[in-house]
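The primary structure of each chain is shown beneath.
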There are 2 protein chains.
Amino acid sequence: MTTTETFHIPIPVHVDETMMKEHFLTDVSINSVLFSYHDEKLHVLLLRLTTSDHFMLPGGFIKKEEDVDEAAIRNLEEMTGLDQIYLQQFYVAGNAGRTCDPNALDAFKKFGLQKIEQWLTDRKVSVCYYALVNSPELQLKVNEAIICEIKWTPVEELPPLLFDHQMVIDKAIRRLQLDMDRKVISTYLLNETFTMPELQKLYEAVYQEKLTRSNFQRRMLNLDILERLGKRHDGGSHRAPYLYRFNPSKIEMVLN
Amino acid sequence: MTTTETFHIPIPVHVDETMMKEHFLTDVSINSVLFSYHDEKLHVLLLRLTTSDHFMLPGGFIKKEEDVDEAAIRNLEEMTGLDQIYLQQFYVAGNAGRTCDPNALDAFKKFGLQKIEQWLTDRKVSVCYYALVNSPELQLKVNEAIICEIKWTPVEELPPLLFDHQMVIDKAIRRLQLDMDRKVISTYLLNETFTMPELQKLYEAVYQEKLTRSNFQRRMLNLDILERLGKRHDGGSHRAPYLYRFNPSKIEMVLN
DNA sequence: CTCTATTGTATCAATGTGATACAATATAAA
DNA sequence: TTTATATTGTATCACATTGATACAATAGAG
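The rules behind each value
Residues numbered from 1 in each chain as written. Chains lettered and ligands numbered in written order. Predicted model: local features only at pLDDT ≥ 70, side-chain atom pairs only at ≥ 80, totals over all residues. Heavy atoms only, no water. Contact = heavy atoms within 4.5 Å. Buried area = accessible area lost by both parts, 1.4 Å probe. Salt bridge = Lys/Arg side-chain N within 4 Å of Asp/Glu carboxyl O. Polar contact = N/O pair within 3.5 Å; in protein donor to acceptor, adjacent residues only side chain to side chain. Helix = DSSP H or I, 4+ residues; strand = E, 2+ residues; numbered from the N terminus. Core = buried A, V, L, I, M, F, W, Y, C linked by side-chain atoms within 4.5 Å. Buried < 20%, exposed > 50% of the residue type's maximum accessible area, 1.4 Å probe, protein only.

(A) Quick look at the interface of chain B and chain A. Across the contact, 23 residues belong to chain B and 22 residues belong to chain A. At the boundary of chain B with chain A, total buried surface from both sides reaches about 1,700 Å², with 53% on carbon and sulfur atoms. Taken as a group, Asp27, Val92 and Arg123 of chain B account for 28% of the area that chain B buries against chain A, more than any other trio of residues on that side. Here chain B is connected to chain A by zero salt bridges. Put simply, chain B and chain A have 15 residue pairs in polar contact (both at pLDDT 80 or more) between them. Of all the secondary structure elements, the ones that give two or more residues to the side of chain B that touches chain A are strand S2 (24-38), strand S5 (59-63), strand S6 (86-93), strand S7 (125-132) and helix H5 (165-182) of chain B. Top contributing element to the side of chain B that touches chain A by residue count: S2 of chain B, with four residues.

(B) Representation of the nonpolar core within the structure. Of all hydrophobic cores here, the largest spans 80 residues; its most connected members are Leu34 and Leu49 of chain A together with Leu34 and Leu49 of chain B. Excluding anything up to four places from it in sequence, Leu49 of chain B contacts His54, Met56, Ala107, Phe108, Ile146, Ile147, Cys148 and Leu162 of chain B.

(C) Spatial organisation of the pattern of salt bridges. Tallying each qualifying case throughout the model produces 32 salt bridges over all chains. Arg245 of chain A is the partner of Glu192 of chain A in a salt bridge, and the nearest nitrogen-oxygen pair spans 3.5 Å. Here Glu192 of chain A is found in the loop between helix H5 (165-182) and strand S9 (194-195), whereas its partner Arg245 of chain A is found in strand S11 (residues 242-246), with 53 residues between them in sequence. The shortest N-O distance in the salt bridge between Asp224 of chain B and Lys250 of chain B comes to 3.5 Å. In this pair, Asp224 of chain B is assigned in the loop between helix H7 (213-222) and strand S10 (226-231) and Lys250 of chain B in helix H8 (residues 248-253), connecting sequence segments 26 residues apart. One salt-bridge network, held together by shared partners, links Glu66, Arg74 and Glu78 of chain A.

By themselves, these observations are geometric and do not establish any function.
Here it is, written out as structure tokens:
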């Protein structure tokens, strides 16, 4: 998958505000920052309205009888088909004016979503989650009536975003950096097996800095959670790197 | 202040549900874990309803045109009179059933708060903050109609709590431990000047473990943020410890 | 003046890390 | 077959941090 590939999904418009208010909490929403790693870059999943040049984070609402965490999981499952995603609450975007983005208002109007425009622009306190996924394995769908484009975007090339989503992503990245130092979570971003250079490039993408190869390798091996398997060679005229995987039993004993 | 001293504050009952729904977000609340340090222990501020044996965290609601952060600050200011408190958002308690605590329901009924009982027991997503204060300087007040007792409680002696407030406090403590490792925040819990043994006892109270005296002192001094002032002696027949204060200019340069 | 309790500081070993060098390996080219 | 090249695996040195421990300095009590 290249970083510019997108999916176009036509969706019927049939929800209205009364229906939303009946089934969902009115003041609260959810936004998820989906991270994935491919092409040696950390990517974030962004959505776009056909009527806007701006992108936005995926999100949803909370059913009246549903936990907020459940709603976040449901939202992700609807989009990805997966129900076992690493998901972490990391922030609440609660500014009163955050939903009053003129670009969003404009886009909603153009889209002809009168029946739900009020709902979408009413003030919402957004509970923000970040999720770690292995994107090449994903077939993405959106259920919302207003989304027409889905794009994995490298975090250093983010386009203009609606609402306060730029800040939310910034906070998600900072939190991901903290968590990768304290927990064994790179496993959620990688394939089952991987080489040391691959793991290093993931860390470099997350922390946005170069790391010294030999020292990185030593640090990872000293964690004593990697299991060395065979070797994998890319055909180049050089030594083949070992393949590793995270040792499940040892990971459990460590942190998380 | 001893750990068992309490304040009794009679408050008139005059709010009703319609009024609340008109001015406040209906699905969201705020809870604050106020930490303070005295008598060599980390304390949390708890409130109690006269009609219940259970305690609860202070909290409040968010005005419709008010940021969530603003609401948290306002809530603390109403209670403490201070508007410059160190305050950190750290969690969202979002379980659907969290406000359905039979003990709370029972207590609200006994209190004769029919007009607002529904509001108080309706489902709320709670944005949780922790705050650091220097408690001996505080004169505490509560504006809510339902609170009759305020108590600083050592974190290792927490009484039965309403709702999910025990879990919220646990998460606040864990977050405080993480933050004290990464930021210079002990200053908010101490007086302007303090001795090294005092600082050490604060750390021991927060991390709930004994620390080696000489190593702790070395670590703190190596941070290069402490300014040594005079000495302070307690009259005991032993060497007097130095007085320190955090060097404001150096703290700014460091983290936070 | 000695004793005792506490604080300030030094020392040593173990550990972790940045910088650097060098050995091992897989292929291409000579 | 040999040599060159690119990359990975590993070792080494210097340095900083930290736990454990020892010892020196100080302020009274007796």
